Every structure is written in structure tokens, then in C-alpha cells.
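# Structure at a glance
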Amino acid sequence: MYQTLLTTLGNNVLTITINRPEKLNALNKDVFTDLENVITEIEQNEEVRSVIITGAGSKAFVAGADITEFNSLNKGQAVAMAKRGQDIFSRMERCTKPIVAAVNGFALGGGCELSMACHFRIASENARFGQPEVNLGLIPGYGGTQRLVQLIGKGRAIELLISANMIDANTALQYGLVNYVVKQDELLSKARSILETINSKAPLAIAACIKAANAVYDETVNGFDLEVKEFGDCFDTEDMKEGTAAFLEKRKALFKGK
Ligand code: COA
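Here we summarise the structure given alongside this text. Values in this document were obtained by computation on a predicted structure and should not be read as measured data. (Residues numbered from 1 in each chain as written. Predicted model: local features only at pLDDT ≥ 70, side-chain atom pairs only at ≥ 80, totals over all residues. Heavy atoms only, no water.)

### A word on the pattern of salt bridges
Per the counting criterion, the structure on display carries 11 salt bridges. Note that arginine 20 is salt-bridged to aspartate 66, the shortest N-O span being 3.0 Å. In this pair, arginine 20 sits in the loop between β2 (13-18) and α1 (29-44) while aspartate 66 sits in the loop between β4 (60-62) and α2 (75-94), placing the two residues 46 residues apart along the sequence. Given the relative accessible area of 12%, arginine 20 is considered buried. Accessibility expressed as a relative area gives 7% for aspartate 66, which makes it buried. The salt bridge partner of glutamate 93 is arginine 147, with a shortest N-O separation of 2.9 Å. Note that glutamate 93 is positioned in helix α2 and arginine 147 in helix α4 (residues 144-152), a separation of 54 residues in sequence. Take arginine 147: its relative accessible area is 8%, and that puts it in the buried class. One salt-bridge network, in which partners are shared between bridges, spans Glu242, Glu249 and Arg251. (Salt bridge = Lys/Arg side-chain N within 4 Å of Asp/Glu carboxyl O. Helix = DSSP H or I, 4+ residues; strand = E, 2+ residues; numbered from the N terminus. Buried < 20%, exposed > 50% of the residue type's maximum accessible area, 1.4 Å probe, protein only.)

This is the structure in C-alpha cells:
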């Protein structure tokens, strides 16, 4: 079904592995097409409650956009390519099912940008993050200049953007770019264990939390107003009635996403 992705669905978690290990999982046009399609699958498949994105092999999450596709591009094509990448990553960020990046090695350029479009990140000890585009006479084009500032602050972000320096997993943890650093062979189990907890919560409330948190960075929306609206909407859901009843009856809530 996908040329460049491996997908497995278990316990309502869709695990997506970007599968071009011989090119360190670099993002080419085929990966973009597959990502567009897999996001549609995530949105439409009710069995999918949450998602893990990782890279094939033990060396790289994604080592960037595929540089071999850059040489032949003119300016108009480059703009279209950046716009396409931004649109895909924005769809991921706005997805109301949680998407976690399990960063298993190099997350450079478009790979760092992909990880930042996920809702949060977990890294293995060998992970390395960076935006090395200035080495190529370029800048990030898939939202990296914006999300890096949002996630780690302007001073650290500008230093990384203009030096092309890589940071290791523990520095990424210290910067708040990743939530956890674990041994490589524990990376996916850590991600699954966090998502098991998340998947036991009310799906519509999870979706509302993501929408409200995203509103912080959306100038067209007042996040406080959105929060009030979403809070009110929760009172129309069966899950809110179930959650509050279960608490009062001292039992575990069983949510239906309704
Ligand atoms: N685009 C296309 N091919 C890439 C790639 C990318 N972003 N990153 C790695 N590859 C390819 C290499 O060309 C090489 O292919 P080959 O075996 O056919 O020559 C293969 O993946 C393995 O990479 P290699 O460079 O040999 O591994 P390394 O361990 O020596 O170095 C990196 C690892 C990540 C430091 C290095 O590959 C690198 O700097 N990649 C580019 C990172 C980058 O600038 N990304 C931003 C792009 S905008």
C-alpha cells in the first residue's frame, strides 16, 4: 500500500516506519506522497487512536529532505516543494489523534522538522538533532524556523539554525525538544507505554486538548475563547457523563469517543 513506509496497527496504535534506511530515510517525493496518504488513513480509520513515527534501522530517524532532488529544481518548484512539505507537517500537527516521534538516530533538516510537527518526541540515546541547511546554502522549508523557536526558544533556535550544529539527545532533553531519552532498544516500548495510557482517556477530550494547545501558535484564533468553547462542548459528550459517573462510582471509565 505504501512504497516508502511500513505500517503496523496494534492496540489502536499505528506505528509508521519511514523505510529508506540505505538513504538514512531521507524524505523524497515518494515519502511525501505516502505521508499524505497515511495521514488520511489516520484521520479516517477509527481503529487508529494514536500514532508513532520512527525511522528504519538503528542509525537515522530521517536525515533530511532528499538532497538529490534539490539540484534540478527552479525557484518556483522549490517554493511548491516547501509549501507541500509545510502542508503535510501542518496536517500532522493539527491531527486530533496524538502523533509521537520516536527519534531513533539522526533527525536532521526535514527529519528534525518532521519530529517537531509531531505532538511530542521521545529520543534514543544515539539521537542527534539539527537543521544543517545553511551548509547547503539553504534554510529549513518545512516549518523548521517556526517550530524550533516555539519549542526551544529564539536564542537556542537561531544558534542551531545559523551554525548547523547538531545536538545530542541529552541536550535535546535539556532544551525541552524531547520529553524522554531512553536506550535504543526501549524506544518503541516507551512510546507504546505512553500511548497506552493516553488511549485509555476520552478521545474527544484529547482532540480538544490538541486543538486548544495548537491555538497558542495560531494568530487567527483566541486560544482562551477556544478553550471555553471546547470545555462546553465536552458537556455534550457521552464520555464526559461516563467519566464523571465512573469517578463518583469509584470504577474505571470506559470511553467510546462519543
Ligand atoms: N539526502 C539524500 N541522501 C542522503 C541524505 C539526504 N539528506 N542523508 C544521507 N543520505 C545518503 C548518503 O548520500 C549515503 O548514500 P550513498 O551510500 O548512496 O552514498 C547514505 O545516505 C548514507 O549516508 P552517509 O553520509 O554515508 O552516512 P554518514 O554516517 O557518513 O553520515 C550524516 C551521516 C547524517 C551526517 C550525513 O549523511 C549527512 O550529513 N546527511 C545530510 C544531512 C543534511 O544536510 N540534511 C538536510 C537536508 S536539507
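Next comes the rest of the write-up.
### Focus: the packing of aromatic side chains
Within the structure shown, the criterion is met by 4 aromatic pairs. Geometrically, the ring pair formed by phenylalanine 89 and tyrosine 142 is edge-to-face, given 5.7 Å between the ring centres and 85° between the ring planes. Of this pair, phenylalanine 89 sits in helix α2 while tyrosine 142 is found in the loop between β8 (128-130) and α4, placing the two residues 53 residues apart along the sequence. With respect to burial, phenylalanine 89 and tyrosine 142 carry one shared label: buried. Relative to phenylalanine 235, the ring of phenylalanine 231 has its centre 5.3 Å away and its plane inclined at 55°; by these criteria the two rings are tilted. Its relative accessible area of 57% is what places phenylalanine 231 among the exposed residues. Through pairs of rings, three or more aromatic residues link up here, namely Phe32, Phe89 and Tyr142. (Phe/Tyr/Trp six-rings, centres within 6.5 Å; stacked < 30°, edge-to-face > 60°.)

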